[in-house]
Amino acid sequence: AVAPKVSEEGPGVLRAVLPQGGNESLLTRPAKIEFRIVAKPDEPGAVALPVLGGKDPESVSPEIILDESHLREITLKVVPDAAGGPPNAALGFHFDPRAIKNLMAATTEAVGRKLAIVIDDEIVADPIIRAPIASTTGEIPAGKLGPASELLVLLRSGRLPARVAVTAREPAPCGTH
């Protein structure tokens, strides 16, 4: 990622100038991950979220079991395409051992239901819970390698404490790419 120039413009206001060619989503996306139980049809407070790949939206419980603040490590694994196409990626997770108690308690009550893994308000996986989950590690498919690499950067950086908007760009210095 290309680093922005950051300066203070006033009390509580920072200005970040992203060089030409920089990907502004690295500054503006919320970079969040949530683990939630897929809601029952009549569950109060359920939230409808889009599903990766353009599938029909699915409703999830309002309760967030784990989020990115519980992540201790996240890795990217290259997964060869079975048909010989471009490789895909999987994100590997390692959670704080104390936080895993929430996952175990929630999945104990929800055996037979689905666990929604939500990245940036989109369900990327929803496996059926076959037994209580007590592991601090896991892996989920993350799609194409390029966008997954960018997502890894976002998840490793965590949420920003405020909303960010790119308002200007400056030309790249001569001789740089």
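The structure reproduced in this document is the subject of the present report. Keep in mind that this is a model prediction, so the values were computed, not measured. (Residues numbered from 1 in each chain as written. Predicted model: local features only at pLDDT ≥ 70, side-chain atom pairs only at ≥ 80, totals over all residues. Heavy atoms only, no water.)

Next up on the list: the environment of Val38. Along the chain, the position of Val38 falls in the loop between strand E3 (33–37) and strand E4 (47–51). The spacing of Val38 and Ile128 is 90 residues in sequence and 9.6 Å in space, taken between C-alpha atoms. Setting aside anything within four residues of it in sequence, one finds Val38 in contact with Glu58, Ser59, Val60, Ser61, Arg113, Lys114 and Ala116. (Helix = DSSP H or I, 4+ residues; strand = E, 2+ residues; numbered from the N terminus. Contact = heavy atoms within 4.5 Å.)

As a further point, take the sheet that holds strand E7 (residues 71–79). An order of E7-E8-E11 is seen for the three strands of this open sheet, with the pairing classed as antiparallel. With one partner strand each, in any of the chains shown, E7 and strand E11 (137–144) form the two edges of the open sheet. Across the sheet, the axes of successive neighbouring strands diverge by a mean angle of 25°, strand direction being ignored. Judged from the eight bridges that link them, E7 and strand E8 (residues 88–95) form a sheet pairing that is antiparallel. What sits directly across from Leu76, in E8, is Leu91. (Pairing = 2+ DSSP bridges. Axes fitted to C-alpha atoms, helices over the stretch in contact; angles between N-to-C directions.)

This brings us to helix H2 (residues 100–109). For H2, every residue scored as buried is listed here: Ile100, Leu103, Ala106 and Thr107. The buried residues of H2 all sit within an arc of 125° when viewed along its axis, so they share a single face. Of the residues in H2, the exposed ones pointing more than 90 degrees away from the buried face are Lys101 and Glu109. (Buried < 20%, exposed > 50% of the residue type's maximum accessible area, 1.4 Å probe, protein only. Arc of directions from axis to C-beta.)

What follows concerns the nonpolar core. Leu66, Leu91 and Phe93 are the most contacted members of the largest nonpolar core, which totals 27 residues. Secondary structure elements with two or more residues in this core: E3, E7, E8, H2, strand E9 (115–119), strand E10 (122–125), E11 and helix H3 (145–157). Broken down by element, the residue count for this core peaks at four residues, all from E8. Not counting residues within four places of it along the chain, the set of residues in contact with Phe93 comprises Ile33, Leu71, Glu73, Ile74, Thr136, Thr137, Gly138 and Ile140. (Core = buried A, V, L, I, M, F, W, Y, C linked by side-chain atoms within 4.5 Å.)

A few words on the pattern of salt bridges. All chains considered together, the criterion is met by seven salt bridges. The salt bridge involving Arg113 is made with Glu43; its shortest N-O contact spans 3.5 Å. Residue Arg113 is found in the loop between H2 and E9, and its partner Glu43 is found in the loop between E3 and E4; the two are separated by 70 residues along the sequence. The shortest N-O distance in the salt bridge between Arg72 and Asp96 comes to 2.7 Å. Here Asp96 lies in the loop between E8 and H2 and Arg72 lies in strand E7, a separation of 24 residues in the sequence. On the basis of relative accessible area, Asp96 is assigned to the buried category, the value being 7%. (Salt bridge = Lys/Arg side-chain N within 4 Å of Asp/Glu carboxyl O.)

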